[in-house]
Amino acid sequence: MPLDTSIRSVLIIGSGPIIIGQACEFDYAGSQAALSLKDEGIKVSIINSNPATIMTDKVIADHVYLLPLTCESIEQILNEQKIDAVLPTMGGQTALNLCIEAEERGIWEKYNVRIVGVDTAAIEKTENREEFRKLMVEIGVGVAKSKIANSFLEGKEAAQDIGYPLVIRPSYTLGGSGGGFVHKKEDFDQALSRGLQASPTHEVLVEKAVLGWKEYELELLRDGNDNVIIICSIENFDPMGIHTGDSITVAPAMTLSDRCYQEMRNQAIKMMRAIGNFAGGCNVQFSVDPTTEDIIAIEINPRVSRSSALASKATGYPIAKIAAKLAVGYNLDEIENQITKTTSAYFEPTLDYVIVKVPRWNFDKFKGANTELGLQMKSVGEVMAIGRTFIEALQKACQSLETNRLGLGADGRQNRNLEEIMHSLEHPSWDRLFHVKDAMSLGVPLESIRKITHIDKWFLTQILELVNLEAELKRYSLNNIPTDFFTNLKQKGYADAQIAWLLGNVTEDEVYKRRKELGIHRVYKMVDTCAAEFPAKTPYYYSTFEDENESIVSDKKKIIVLGSGPNRIGQGIEFDYSCVHGLLAAKEAGYEAIMVNCNPETVSTDFNMADKLYFEPVFWEHVREIIELEKPEGVIVQLGGQTALKMAQKLHENGIKIVGTSYDDMDIAEDRGRFSDLLKEMDIPYPLYGVAESAEEALEVAHKVGYPVLVRPSYVLGGQGMSIVINDEDLEKAVVKLLRNLPGNRVLIDHFLDRAEETESDSICDGDDVHIIGLMEHIEPAGIHSGDSFAVLPPFSLPESVINDMTEYSKRIARALNVRGLLNIQFAVKDNKVYVIEANPRASRTVPFIAKAYDVPYINIAAKIMLGANKLKDFNIERKLKGYAIKEPVFSFDKFPEVEKQLGPEMKSTGEAIRFIDSLEDPYFRHLYKEKSMYLSK
């Protein structure tokens, strides 16, 4: 069936602020869906409260509503716009829940709006655990023995009937919230209470646990003719018992027999057809007995899921884009294949490579957290890597994580304590993967590791091969490594830096030079969905070590944008937003825009955003060889947060042009000591400070500047490692800990301005003129990280003299640092005196918020200035904010109930929302103002 012409306008519901369990993958899905519908001439409206997303940008939708995700907001939109249909499958569980609530209130019927992409009956069947169980039994799909419970007594009776170990799964929750395993009777009461409280319907499923079974996912699409295709099979490296969002995953599935895979396909298709007659996407999760290959269904999600983004990037098949077209009437065979441009979307992708996803955790931000992984998701982001083999992709994924690892070990950070390693294997946390290899290096038998971890033997054998290769490498010196063996090491994903460490007494550069002499070069392969069966048109590449290079270099002027890597606290989706605008600006300025990033959840790694996408680690060796191949005019590091900025020194040392502010000027701002010296020269107030390289020096500085003091390392993002201390004993502990975790880093010690207000500015400088993007006043006092503070735009209670000083200091510092592009400055205000705390000549987390509040494309403007394509005078900047905008931090403390919810100088929020108020008399604002007064009086 062709396009349903009765649908002329569609409302897409977003997912709101980033939280653990619902991250930037839904920004990618919503953006894809909106652009897909606009291609069909359909007017698209979007509701989302997250200002840091591309989907809430005017380049994506016709109408953007930055409103709270409530039924009242939905009605406001429906009164303003004629909406024919609502698409709720692109905004995760938040969007589905809002859609159901609006239907129950009769809103869709009142305004004659159709629900497309799913039907609410399907949502009920999949989210209500008892309904799901009954349906599976009815269609002959296996499920674990289970019983529903709506009360404490019913839960106790269910546990008695089923027996231990068991699992508690609350209904209608996200990211496994409230769920968990119970191994013994005495732990059941607490777990049951937690599950009942987590469910909005006070309902849990008490289910027999299948610990140690293997876990798989399938991504499906179905059209209006009931055609169903499997886009991707995904296998969890970790067994059942770890939330799939916290599990390392591999595509395609590696260890399934063909018989089992075909049966799993059949069951998935049967399940999708059974839950309702709708056209769209679906994610199905299964568990498989590793001995008998018996299959049971875990759950089915009739929407775009976290894994949909991963599957899209893994296969090159744009699931959200196609699902949106199916929702408005198209059938699969009527839609063009986005990569080949010659075949239809009615095909199943074929992979001639392997992808590995590794989650990224931030347990360091949650002191005292239970770091053991289980049914409740705890990771804040993920990376994806592509290689010709599983082990190559796994090593590249480890290089992408931004945890200072050079790959899977071989970097001097291995654990040699056998007792700690064995405990880690039995009680999985973020580092179990590394400890599997550490155990093998210490001689623990593979079978012993398999019995403890229940990780499939095939995966363990692959890792053991690395241990054997490393032992063999130590027989050689750099100059006598056989070429074939050297090539094999590179094909197994070893970085030059790992090889250097294993050899000892050689540098990364020496290894790099030697392999180049031997003719061992990285080549780039295209992601084409069809294993090269048809010619592909989309330039989407990954690297490996073979003979043929498929990345053809054009003769155009090029700009490379370095991405922000995995989503994490302190470096979230706002930096991907900035990177996307950097790409768009480069294209508009006449450059070929090239993206390098490794995050599968993001819009920047959508192969339609850049002229060329390299899905590679933002890791020096990989970036270096892409630059050698493409020979760009320059590299943008200002937009990708700390991940990209960390490359600046290497780029500078190798003579590679950094677009925008120079390396040395950025370094002045990043090095807390150098920056304070600059402020002193400029006679701009700043807190008294000193620099220390030992605990003894730190004590001397503290006595000189006076307690309380703020202790912090240079070169960090998100307040990592910062603390406020009030005596010698606490200072000594803080400094020793910092120097242990960040060796070679100097510690900056500032006098802490107690009871000071915190404010900040964002600005753009073109080398001559400075434009103040926005001035913000925080609700929380100085000492609470700015990312965790409510910020009000424009300031609401600062005297004119303070605003004038903030403006003047911002302009003077921008010129002193020779800024070309963006600059964020944070201030402390005490007794109406303005002190500069820090300056960051890069994209900040607040610029997207200000851009949305004022309705000005500030990142695009800044990027064009960085590129030298424009000056500030070329832009007619008109701000449109009436009243005030408030940036609201959002936290995921519910995932860590054991952690004290105390805010301080180290950032802990996972996302943000925006709220608009017309006046300072708004009740919401009055409540915030009362909090501000309370903070400053304490």
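The present account deals with the structure reproduced in this document. Per-chain numbering applies: the sequence of each chain, read as written, is numbered from 1 onward. Only residues with pLDDT of at least 70 are given local features in this predicted model, and only at 80 or more are side-chain atom pairs given and counted; all residues enter the totals for whole chains, interfaces and linings. Remark: hydrogens and water are excluded; side-chain values derive from all non-hydrogen atoms of the structure.

### Notes on the overall build of the chain
Part 1: Every helix listed is a DSSP run of H or I at least four residues long, and every strand listed is a run of E at least two residues long, numbered separately from the N terminus. On a plain count of helices and strands, the chain comes out with 31 helices and 33 strands.
Part 2: For the chain, whose C-alpha radius of gyration is 27 Å, the value lies close to the compact-globule estimate of 30 Å for 938 residues.
Part 3: Residue contacts follow a heavy-atom distance rule, with two residues in contact if any of their heavy atoms lie within 4.5 Å. In the chain, the share of contacts with a sequence separation of at least 24, taken over all contacts with a separation of at least 6, comes to 70%.
Part 4: Residue exposure ignores everything except the shown protein chains as possible cover, and the areas themselves are Shrake-Rupley values with a 1.4 Å probe. Surface accessibility of the chain: about 33,300 Å² in total, with carbon and sulfur atoms responsible for 47%.
Part 5: If you average the places of the 103 positive and of the 137 negative side-chain charges in the chain, the two averages end up 1 Å apart. We take the radius of gyration over the C-alpha atoms and set the globule estimate at 2.2 Å times the residue count to the 0.38 power. In this tally Asp and Glu are treated as negative and Lys and Arg as positive; neither His nor the chain ends contributes. We put the charge of a Lys on NZ, of an Arg on CZ, of an Asp on CG and of a Glu on CD.

### Overview of helix α15 (residues 446–453)
Part 1: Accessibility here uses a 1.4 Å probe with only protein chains present; expressed as a share of the type maximum, an area under 20% marks a residue as buried, one over 50% as exposed, and anything in between as partly exposed. Taken together, the buried positions of α15 are Leu446, Ile449 and Thr453. For α15, the angular spread of the buried residues around the axis is 60°, confining them to a single face.
Part 2: On its buried face, α15 is in contact with α13 (418–426), α14 (432–441) and α16 (457–473).
Part 3: Phi turns positive one or two residues past the end of α15, at His454, with a value near 65°. What the arc measures is the spread of directions leading from the helix axis to the C-beta atoms.

### Here's the deal with the pairing of strand β10 (residues 214–222)
Part 1: Along β10, nine of the nine residues are buried, which leaves the element largely enclosed by surrounding structure.
Part 2: Burial along β10 is two-sided: the face carrying Lys214, Tyr216, Leu218, Leu220 and Arg222 and the face carrying Glu215, Glu217, Glu219 and Leu221 are both buried.
Part 3: When DSSP finds two or more bridges between two strands, those strands count as paired. Examined bridge by bridge, β10 and strand β13 (residues 280–288) share nine bridges and lie antiparallel to one another. Following the sheet pairing, Arg222 is matched in β13 by Gly280.

### Overview of the pairing of strand β33 (residues 911–917)
Part 1: Counting buried residues along β33, five of its seven residues qualify, which places the element largely inside the surrounding structure.
Part 2: Where strand β32 (residues 884–890) and β33 come together, seven bridges link them in antiparallel fashion. Each bridged residue has a counterpart across the sheet, and for Lys887 the counterpart in β33 is Ile914.

### Describing the packing of aromatic side chains
How two aromatic rings sit relative to each other is given by the distance of their centres and the angle of their planes.
Part 1: In summary, the pairing rule links any two rings of Phe, Tyr or Trp, Trp by its six-membered ring, whose centres are within 6.5 Å, and it sorts them by plane angle into stacked for under 30 degrees, edge-to-face for over 60 and tilted for everything else. A complete count under the given rule lists 20 aromatic pairs for this structure.
Part 2: Ring geometry for Tyr540 against Phe607: centres 6.1 Å apart, planes inclined by 25°, an arrangement best described as stacked. One end of the pair, Tyr540, is in strand β18 (residues 540–544); the other, Phe607, is in the loop between β20 (592–597) and β21 (612–615), and 67 residues separate them in sequence. Comparing Tyr540 with Phe607, the two get one shared label, buried.
Part 3: Charge-over-ring placement is defined geometrically: NZ (Lys) or CZ (Arg) within 6 Å of the ring centre, and within 35 degrees of the ring normal. The ring centre of Tyr512 lies 3.7 Å from the NZ or CZ of Arg624, which sits over that ring.
Part 4: Just above the ring of Tyr924 sits the side chain of Arg915; from NZ or CZ to the centre is 4.1 Å.

### Describing the pattern of salt bridges
Part 1: Salt bridges are counted wherever a side-chain nitrogen of Lys or Arg sits within 4 Å of a carboxyl oxygen of Asp or Glu. On inspection of all chains with the given rule, the structure shows 55 salt bridges.
Part 2: Among the ionic pairs, Arg105 bridges to Glu72, the shortest N-O distance being 3.1 Å. In this pair, Arg105 is assigned in the loop between α3 (92–104) and α4 (107–110) and Glu72 in helix α2 (residues 71–80), connecting sequence segments 33 residues apart.
Part 3: Judged by its relative accessible area of 48%, Arg105 falls in the partly exposed class.
Part 4: The shortest N-O distance in the salt bridge between Arg522 and Glu621 comes to 3.1 Å. Placement of the pair is Arg522 in the loop between α19 (508–517) and β17 (523–526) and Glu621 in helix α21 (residues 620–630), with a sequence separation of 99 residues. There is no split in this pair, since Arg522 and Glu621 are both buried.

### A look at the nonpolar core
Part 1: With 151 residues, the main nonpolar core has Ile12, Leu87, Tyr317 and Leu822 as its most contacted residues.
Part 2: Ignoring anything within four residues of it in the chain, the contact list for Leu87 reads Val10, Leu11, Ile12, Ile13, Ala33, Leu37, Val116, Gly117, Ala324 and Ala327.
Part 3: Residue types Ala, Val, Leu, Ile, Met, Phe, Trp, Tyr and Cys, when buried and joined through side-chain atoms within 4.5 Å, form a set referred to as a nonpolar core. Val118, Ile230, Val288 and Ile295 belong to the second-largest nonpolar core, a separate cluster that totals 32 residues.

### Digging into the layout of surface pockets
Part 1: Any residue with an atom within 4 Å of a point lines the site, the site being either a cavity, points on a 1 Å grid over the protein atoms alone where a 1.4 Å probe fits but cannot get out, or a pocket, an open set with protein on both sides within 12 Å along at least 5 of 7 lines. Grid points are joined across faces, edges and corners, and a volume is the space filled by probe spheres set on the points. Each pocket or cavity is described by its volume, and for the second largest pocket that value is around 1,000 Å³.
Part 2: Secondary-structure elements contributing two or more residues to the lining of the second largest pocket are β8 (180–182), α8 (188–198) and α15.
Part 3: All amino acids are sorted into three groups, where Ala, Val, Leu, Ile, Met, Phe, Trp, Tyr, Cys and Pro are nonpolar, Asp, Glu, Lys and Arg are charged, and the leftover types, Gly among them, are polar. Partitioning the lining of the second largest pocket into residue classes produces twelve nonpolar, twelve polar and eleven charged.

### Describing the packing of α13 against α14
Part 1: Helix axes use the C-alpha atoms of the stretch in contact, all axes being lines fitted to C-alpha atoms, and the angles between their N-to-C directions lie in the range 0 to 180 degrees. It is at 9 Å that the axes of α13 and α14 come closest, and there the two elements cross at 130°. What the angle tells us is that α13 and α14 run oblique. In this structure, α13 meets α14 at a crossing whose hand is left-handed. On α14, the residues that touch Ile421, Ser424 and Leu425 of α13 are Arg432, His435, Val436, Asp438 and Ala439.
Part 2: Here the residues of the contact of α13 with α14 are counted per class, giving four nonpolar, two polar and two charged. Roughly parallel here means an angle under 35 degrees, roughly antiparallel means over 145, roughly perpendicular means 65 to 115, and every remaining angle is called oblique. Handedness of a crossing is defined here by the sense of rotation of the near helix relative to the far one, left-handed for an anticlockwise turn of less than a right angle and right-handed for a clockwise turn.

### Structural notes on the sheet that holds β32
Part 1: The strand order across the open sheet built from seven strands is β31-β30-β27-β28-β29-β32-β33, with neighbouring strands paired in antiparallel fashion. The two strands at the open ends of the sheet, each matched to only one other strand, are β31 (833–840) and β33. Here the strands of the sheet are splayed against their neighbours by 25° on average, with no regard to which way each runs.
Part 2: Note: strand β28 (residues 770–781) against strand β29 (residues 791–793), two bridges, orientation antiparallel. Its bridge partner being in β29, His778 is matched across the sheet by Ala791.

### Some points on the sheet that holds strand β5 (residues 114–115)
Part 1: Judged by pairing direction, the sheet is parallel, and its five strands sit side by side in the order β3-β2-β1-β4-β5 without closing on themselves. The sheet is open, and its two borders are formed by β3 (63–65) and β5, each paired with just one other strand.
Part 2: Here strand β4 (residues 85–87) pairs with β5 via two bridges, running parallel. Bridge assignment links Val86 to a residue of β5, and that residue is Ile115.

### Describing α19
Part 1: Of the positions making up α19, those classed as buried are Glu508, Val511, Tyr512, Arg514 and Arg515. When α19 is viewed along its axis, its buried side chains cluster within an angular range of 165° and face the same direction. Every exposed residue of α19 that faces more than 90 degrees away from the buried side is listed here: Lys513 and Glu517.
Part 2: Each element contacted by the buried residues of α19 is listed here: α17 (483–491), α18 (496–503), α21 and α23 (648–653).

### Comments concerning unusual backbone geometry
Part 1: A cis amide bond links Ala251 to the next residue, Pro252, at an omega of -5°.
Part 2: Topologically, Pro252 is positioned in the loop between β12 (249–251) and α9 (258–274).
Part 3: The step from Tyr707 to Pro708 runs through a cis peptide bond, and the omega angle for that step is -5°.
Part 4: Tracing the backbone through its elements, the reader meets Pro708 in the loop between α26 (695–705) and β24 (709–713).
Part 5: Located in the positive-phi region is Asp226, a residue other than glycine, with phi close to 70°.
Part 6: Looking at the secondary structure, you find Asp226 in the loop between β10 and β11 (228–236).

### Digging into the environment of Glu130
Part 1: Its location among the elements puts Glu130 in helix α6 (residues 129–139).
Part 2: Between the alpha carbons of Glu130 and Lys657 there is a distance of 60 Å; along the sequence they are 527 residues apart.

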